[in-house]
Structure formats: structure tokens, C-alpha cells
Amino acid sequence: MMLDLDMGRYAAFVWPAWGITAVVLAGLAGRALLAARRWWRELKRLESAAAEGDRA
Amino acid sequence: MFGLANPDRFLRFTRPLTPVLWAAAAGLLALATWLAFAAPEDYQQGDTVRIMFVHVPAASLGLAAYGALGVSSFFALVFRHALADAAARAAALPGAAFTGLALVTGSLWGKPMWGAWWAWGDARLMSVLILFLFYLGYMALRASIDDEQKAARAAAVLGLVGLINLPIVKFSVDWWNTLHQPASLIRQGGPSMPAEFLTPLLTMMAAYGLFFLAVWLTAIRTEIVRRRVLAIRARRALEA
């Protein structure tokens, strides 16, 4: 199957719809993954600090 | 199944599942995009039919995510379960994003087809706008109350109230005369769409569904961890 990327006179409607969708999905994914990394790192830091405190 | 209501078990169970969901969502999104641009032009709508492949899944997921938020809110309110509250909170942002996308892409589809970006008298458009406002209200309410337990209870009530809007959104095109076309997927007699459009549309809907699950599970896991971090910080502040 050939891809049809020529949207003709509707290009001004089709490409923004797909573009906004791509930006929003990328934003959702990025936000979820960055927040996960941030809070997991913080939990590990606190837990290792607590373990060091116990040893001391 | 109910064992997963335990946060530790939930974290253990979803740890291997989450990357699989992300990978499957990415793969299916790529395949659905390829199918969407390989489909022929519609004889009436021309190339604007390709907006359908991002608009309809966004609208469906906007509704589905609110269903997840509402059911989770019910369990959070009745059983006071922390995981249910985390699930409700985690569904709000992706749900709002999908609903916002449905509104924007619908507007971009409406202009060339109806000659208007927006129609204030249209029941489907208005009920989806109200759904979007429920999402915004839910997130604003949570953010405006400092006490997290009070915020969770107030937001859960709002989340439950918003469930009333879901059948209104779904059946608005049957109950009222609207500019918006009637249901063409979930209807008596099956989908009214040719296979050349149905295949990319269903593939994209599956991709959006997997993507939502990946975002949702990741956000629930993050919420559990965030609460643990806040609990440790609070304990330390008391000890100091």
C-alpha cells in the first residue's frame, strides 16, 4: 500500500490535527515517564539515607 | 484480582507490564498512522477523513478515561482505598488531554465539513465540552485543597457526579438533532463504515487504548511512590 501524504486543499486542517495529536501524546508520555523517574529516584535516595542512618 | 488493591502487590505486578504496554502502544501507534495515510480519500470528505483517525479515538478515550476516573472515585469514596484514589487522580490528566484533543481535532474537521469551527447549539459538542470542564474541575479541586485526604474526598464526589454526563455524551446524537453525525461504530447492525476506513480506525483506537493504559499505570505507580516519599519526609520532620 502506498502512503498518500498529499492532503490537497485540506492540508491546513489535516496536518494541524495530526500535529497537535502528536505533541499532546508525546507530552503525556514524557510527563508520565519523567515524573516516574523523579519520584522513584527520590524514594531510593530517602531509603538509602535511612539505611545509612540505621547503620550509624 | 482484589489482591492487586494492595499497593506493594500492585507495584510488583505492574513493574514488568508497564514497559510492555509502552512498547506495544508505540508499535501500534506507528502501524495505525501508516494505515491511516495508506487509506484512500473518502469520496465525500476527501482527505479530511484522515482527521477521523485521531479524532474518534481521542473522543472514545476521553469518555473511557472518565469512566475509569468515576469508578475509581466510587471505590475511593466508599472503601476509602488509597489505590483507588491514586487511580482516579492518575486518570484525570490523560482523560482531559484526550477530551481536549477530541474538541480541537473535531473543530479542525468541522470547519471544512460544516463550515463552522464550533456550534454552540450542538448537543454532542456541548456535552463533550462539559466533560472537559469536569476534568478541569476535578484537577483544580484536587490542587486547591492542601489536605490531601479532604481533596481526595471532594474530588471523588465531583468525579462521581460527572459520570451522569457520560450517557449524555454517548446518546446526544440520538436524543437531539445535531450537526454531529450519529454513531457509526457502536450501533445496531454493526459499524456503518467500509473496511478501508474501519481497519485503520480500530487499529488507532487499540493504540490509543494501550497508550492510555501505559500512561495510567505509570502515573498510578508514580502516585504510590510519591505518597511514600511524602510519608517518609513527614516522619523525618516529626523525628527532627
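About the cut-offs
- Residues numbered from 1 in each chain as written.
- Chains lettered and ligands numbered in written order.
- Predicted model: local features only at pLDDT ≥ 70, side-chain atom pairs only at ≥ 80, totals over all residues.
- Helix = DSSP H or I, 4+ residues; strand = E, 2+ residues; numbered from the N terminus.
- Buried ≥ 20, exposed ≤ 12 C-beta atoms within 10 Å, placed from the backbone.
- Contact = placed C-beta atoms within 7 Å.
- Axes fitted to C-alpha atoms, helices over the stretch in contact; angles between N-to-C directions.
- Parallel < 35°, antiparallel > 145°, perpendicular 65-115°, else oblique.
- Left-handed = near helix turned anticlockwise from the far one by under 90°.
- Nonpolar A, V, L, I, M, F, W, Y, C, P; charged D, E, K, R; others polar.
- Core = buried A, V, L, I, M, F, W, Y, C linked by C-beta atoms within 7 Å.
- Expected span 1.5 Å × (residues − 1).
- Arc of directions from axis to C-beta.
- Bend = angle between axes of the 7 residues up to and from the residue.

**Remarks on the overall build of chain B**
Argument step 1. Secondary structure assignment for chain B yields seven helices and zero strands.
Argument step 2. Seen in sequence order, chain B has helices and strands lined up from the N terminus as α-α-α-α-α-α-α.
Argument step 3. Evaluated residue by residue, chain B yields a buried proportion of 42% over its 240 residues.
Argument step 4. Taking the intrachain contacts of chain B between residues at least 6 apart in sequence as the baseline, contacts between residues at least 24 apart amount to 76%.

**Focus on the interface of chain B and chain A**
Argument step 1. In this assembly, 28 residues from chain B lie in contact with 28 residues from chain A.
Argument step 2. For the side of chain B that touches chain A, the elements supplying multiple residues, two or more each, are helix H1 (7-38), helix H2 (49-79), helix H3 (82-114) and helix H7 (195-239) of chain B.
Argument step 3. If one sorts the elements of the side of chain B that touches chain A by residue count, H7(B) sits on top with eleven residues.

**So, the packing of H1(B) against H7(B)**
Describing two packed helices takes the angle between their axes plus the distance from one axis to the other.
Residue and element names in this part refer to chain B.
Argument step 1. Packing of H1 against H7 brings their axes to within 7 Å, and their N-to-C directions diverge by 150°. On the basis of their axis angle, the class for H1 and H7 is roughly antiparallel. Between H1 and H7 lies a crossing whose hand is left-handed.
Argument step 2. Of the residues assigned to the contact of H1 with H7, the class counts are 23 nonpolar, five polar and one charged.

**Observations concerning the nonpolar core**
Argument step 1. With 76 residues, the main nonpolar core has Ala87(B), Ala91(B) and Phe211(B) as its most contacted residues.
Argument step 2. Per element, the largest residue contribution to this core is 18 residues, and it comes from H7(B).
Argument step 3. Excluding residues within four positions of it along the chain, Phe211(B) makes contact with Leu25(A), Ala25(B) and Leu29(B).

**Focus: helix H5 (residues 148-162) of chain B**
Residues and elements named next belong to chain B.
Argument step 1. Spanning 15 residues, H5 covers 21 Å between terminal C-alpha atoms, matching the ideal 21 Å at 1.5 Å per step.
Argument step 2. Residues of H5 that are buried include every one of Ala152, Ala155, Ala156, Gly159 and Gly162, and no others. Projected down its long axis, H5 carries its buried residues within an arc of 120°, all on one side. Exposed residues pointing more than 90 degrees away from the buried face of H5 are listed as Lys150 and Val157.

**Some details on unusual backbone geometry**
Argument step 1. Unlike most non-glycine residues, Arg80(B) shows phi in positive territory, near 50°.
Argument step 2. In this structure Arg80(B) comes out as partly exposed when scored by C-beta crowding, with 13 C-beta atoms within 10 Å.

**Considerations on the environment of Leu201(B)**
Residues and elements named next belong to chain B.
Argument step 1. Residue placement: Leu201 occurs in helix H7.
Argument step 2. Taking the C-alpha atoms as reference points, Leu201 and Ala234, separated by 33 residues in sequence, lie 48 Å from one another.
Argument step 3. Filtering out sequence-adjacent residues up to four positions away, Leu201 remains in contact with Met52, Phe53 and Val56.

**Brief notes about the packing of H2(B) against H3(B)**
All names here are of chain B.
Argument step 1. Two elements in contact, H2 and H3, have axes whose closest approach is 7 Å; the angle formed by their N-to-C orientations is 155°. With respect to H3, the axis of H2 lies roughly antiparallel. Crossing of H2 against H3: the hand is left-handed.
Argument step 2. Among the residues making up the contact of H2 with H3, the classes are represented as 23 nonpolar, eight polar and one charged.

**Thoughts on H3(B)**
Residues and elements named next belong to chain B.
Argument step 1. Given a rise of 1.5 Å per residue, 33 residues ought to cover 48 Å, and the 46 Å separating the end C-alpha atoms of H3 matches this to within 8%.
Argument step 2. For H3, the principal kink sits at Ala92 and spans about 30°; a proline, Pro94, occurs within the next four residues.
Argument step 3. Among the 33 residues that make up H3, 25 are buried, leaving the element largely enclosed by the rest of the structure.
Argument step 4. After H3 finishes, the residue Gly115 shows a positive phi value of roughly 85°.

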